[in-house]
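Chain and residue survey
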Amino acid sequence: MATQRGGFSSRLGFILAAAGSAVGLGNIWKFPFEVGEGGGAAFVVMYLAFCFILCFPVMVAEIAIGRKTQRNAVGAFTALGHKKWSIIGYLGLTSGVLILSFYNVVAAWAFGYFIEMVMGNFEIGQHFGDFTADFIKVGAYSVIFMVGTAFVVSRGISGGIEKAAKILMPTLFVMILALIVYALTLPNAMEGLKFYLIPEFSEITGTVVYSALGQAFFSLSLGMGALITYGSYVNKNDNIVSSAAQITLVDVGVAVLAGFMIFPFVFSQGIETNGGPGLIFVTLPGVFESLGDVLGVIVGSLFFLLLSFAAFTSTISLLEVPTAYMVDEKKVDRTKATWIVALIIFAVGIPSLLSAGAVEALTKFITLPGPGTLDFLSFVALIASDTFLPLGGFLIAVFTAYIWRKENFNEEISHGDEEIKGTWLQSYVDFAISYICPVLLGAIFIVTVLDNYFGVKILNMLLG
Ligand code: TRP
């Protein structure tokens, strides 16, 4: 079986692939604007705490479930003898399909901007709305992106996913460092860093708290079985606790580094930091323009290429989840499974593609008590990433601690690392997965639902 499914050829390969899944639009696009809206460093502090305290144990649990069973997100639960709980896997499949359907559209914006920057079109920032409304152009970019993703996934684990990660992740790292070094030389860079690094705790509201948690969860690719799936390709002798720690560190590191690049850029032009989702697509092209023709093209292209690479290793992991399900459970040949799934997801994404200005009814799709009027893309994001992921994470924690049971979980994590038994780290993971994760994730799920769908701001009321 193992040979038919394939697997990662090395621990490094797994870490890079999983870090590639984690590092994405969430780190470079979403993290900075959430920091901007959530009061700067205060948000960063909360985000870091959530990543290590709450998300890391869930990550270990997902990888352990995957490696133990060597199955996809649905089949893993059945293989452990708890067929009913494979509902978690189906929830994950649904989240994965929905997330990729809109994620690919945003990835297409990033890729489209790369092309615009290469051509020196800095005006694009002021025409962001026209750009996203041009569904033929964005549609073409999103086809390219999805085809590229499917191409890599169709080649399997070591020959596709791992290989892509081994090339893209180191390149991404070099690009981000080069951009930071440059950004720090700009005027007002220090003002940017101050905003970013000195916490203003009075800015913390209930909404900021749960968006920090949501961000941590999304950024680490948790709650939908992506890491169950990647975990299923991990070698039995690998140490999964330290792998998970390294993946978390890389992801958090890249998010933090992205801030060191974005805020100096933004402050160099004296622009407001709370630009929301447009912070990157609207604001940055103007910053690049101010660098002059040659340098502007270089820095601007490099930035959006970086963003596209980051998105690409994430779309790969999102596509792998339903693909692995088709391969394991439906016995479909991998290549065929990949292209079928990619086609379906692309189709599901068409309303999202049309919801950024092209079609009025999709652009002003729904009005909810919490967030107000949303376009279709944001609505799908709300359902899949803000609602389903914490729910999935909650269920995974409960399943691991109380259904699969901790003895089995601990036995799996000590495979590849006998020494972990009885260490504080193991005790912590054990404790967190039983109490901290179910309680906090369950609470976050409820708070998110009440706030967004019913307009009841419980956390804000509690925090005064
Ligand atoms: N983590 C990615 C990001 O930060 C997005 C992503 C990829 C994801 N795979 C996932 C999110 C699986 C949740 C689950 O952009």
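Below you will find a few notes about this structure. (Residues numbered from 1 in each chain as written. Predicted model: local features only at pLDDT ≥ 70, side-chain atom pairs only at ≥ 80, totals over all residues. Heavy atoms only, no water.)

Quick notes on the overall build of the chain
Broken down by element type, the chain carries 20 helices and two strands. Along the longest, intermediate and shortest principal axes, the C-alpha atoms of the chain span 60 × 50 × 45 Å. Looking at the 464 residues of the chain, the share that counts as buried comes to 58%. A separation threshold of at least 6 residues defines the contact pool for the chain, and within that pool the share at least 24 residues apart is 81%. A gap of 14 Å separates the mean positions of the 23 positive and 31 negative side-chain charges of the chain. (Helix = DSSP H or I, 4+ residues; strand = E, 2+ residues; numbered from the N terminus. Buried < 20%, exposed > 50% of the residue type's maximum accessible area, 1.4 Å probe, protein only. Contact = heavy atoms within 4.5 Å. Lys, Arg positive; Asp, Glu negative; His and termini not counted. Charge placed at Lys NZ, Arg CZ, Asp CG, Glu CD.)

Some points on empty space enclosed by the protein
According to the stated counting rule, one finds two cavities of 30 Å³ or more in the structure shown. Taken as a whole, the largest cavity holds about 150 Å³ of empty space. In terms of lining, the largest cavity is formed by 17 residues, of which the most central are Ser21, Ile99, Phe218, Ser221 and Leu318. Among the elements that make up the lining of the largest cavity, the one with the highest residue count is helix H15 (residues 293-329) (three residues). (1 Å grid on protein atoms, 1.4 Å probe; cavity = no way out; pocket = protein on both sides within 12 Å on 5 of 7 lines; lining within 4 Å. Points joined across faces, edges and corners; volume = space filled by probe spheres on them.)

Comments concerning a nonpolar patch on the surface
Where nonpolar side chains cluster on the molecular surface, the patch consists of Val143, Val147, Phe151 and Trp339 and spans about 340 Å² of accessible area. With three residues, helix H8 (residues 135-154) is the single largest residue contributor to the nonpolar patch. You can see Trp339 is positioned in helix H16 (residues 334-353). (Patch = residues over 30% accessible without salt bridge, like charges linked within 9 Å, V, L, I, M, F, W, Y side chains within 5 Å. Areas by Shrake-Rupley, 256 points an atom, 1.4 Å probe, with all protein chains shown as cover. Salt bridge = Lys/Arg side-chain N within 4 Å of Asp/Glu carboxyl O.)

Things to note about the state of the cysteines
For the coordinates displayed, the defined rule picks out zero disulfides. Its sulfur unpaired, Cys51 is 5.2 Å from the next cysteine sulfur, which belongs to Cys55. No disulfide involves Cys437; its nearest neighbouring cysteine sulfur is the one of Cys55, lying 7.9 Å away. On the basis of relative accessible area, Cys437 is assigned to the buried category, the value being 0%. (Disulfide = S-S within 2.5 Å.)

Overview of the environment of Glu320
Tracing the sequence through the fold places Glu320 in helix H15. If near-sequence neighbours (up to four positions away) are discounted, Glu320 is found in contact with Val153, Ile157, Ile161, Thr229, Tyr230, Tyr233 and Arg334.

Concerning the site of the ligand
For the ligand, the set of nearby residues contains 16 residues, the closest of which are Ala22, Gly26, Tyr103, Phe218 and Ser221. At 3.0 Å from a nitrogen atom of the ligand is found a main-chain nitrogen or oxygen belonging to Ala22. Protein chains shield 100% of the accessible area of the ligand, which is 360 Å² for the free molecule. Of all the cavities here, the one that holds the ligand is the largest cavity. Of all elements in the fold, only helix H2 (11-22), helix H3 (25-37), helix H11 (206-219) and H15 reach the threshold of two or more residues within the shell around the ligand. Looking at side-chain class alone, the shell around the ligand contains eight nonpolar, eight polar and no charged residues. (Near = heavy atom within 4 Å. Polar contact = N/O pair within 3.5 Å; in protein donor to acceptor, adjacent residues only side chain to side chain. Sits in = over half its atoms within 2 Å of the grid points. Nonpolar A, V, L, I, M, F, W, Y, C, P; charged D, E, K, R; others polar.)

Some words on the side chain of Thr229
Looking at the element boundaries, Thr229 is found in helix H12 (residues 226-231). By relative accessible area, which is 0% here, Thr229 ends up buried. At 2.7 Å, the side chain of Thr229 and the backbone oxygen of Gly225 are in polar contact. Dropping the residues within four chain positions of it, Thr229 is found in contact with Ala73, Glu320, Val321 and Ala324.

Considering the pattern of salt bridges
Counted by the stated rule, this structure contains twelve salt bridges. Across the pair Asp328 and Arg5 runs a salt bridge, and its minimum N-O distance is 3.0 Å. Of this pair, Asp328 sits in helix H15 while Arg5 sits in helix H1 (residues 2-5), and the two are 323 residues apart along the sequence. Note on Asp328: relative accessible area 5%, which makes it buried. Here Glu116 ties to Lys137 by a salt bridge, and the two come within 3.0 Å at their closest N and O atoms. On the criterion of sequence distance, the pair formed by Glu116 in helix H6 (residues 87-118) and Lys137 in helix H8 is long-range, its members being 21 residues apart.

Things to note about the packing of helix H18 (residues 376-414) against helix H19 (residues 424-454)
H19 packs onto H18 with a crossing angle of 160° between their chain directions and a minimal axis gap of 9 Å. In terms of orientation, H18 and H19 fall into the roughly antiparallel class. In this structure, the crossing between H18 and H19 has a hand that is left-handed. Across the contact of H18 with H19, the residue classes break down as 21 nonpolar, nine polar and three charged. (Axes fitted to C-alpha atoms, helices over the stretch in contact; angles between N-to-C directions. Parallel < 35°, antiparallel > 145°, perpendicular 65-115°, else oblique. Left-handed = near helix turned anticlockwise from the far one by under 90°.)

Nothing here speaks to function; it is all geometry.
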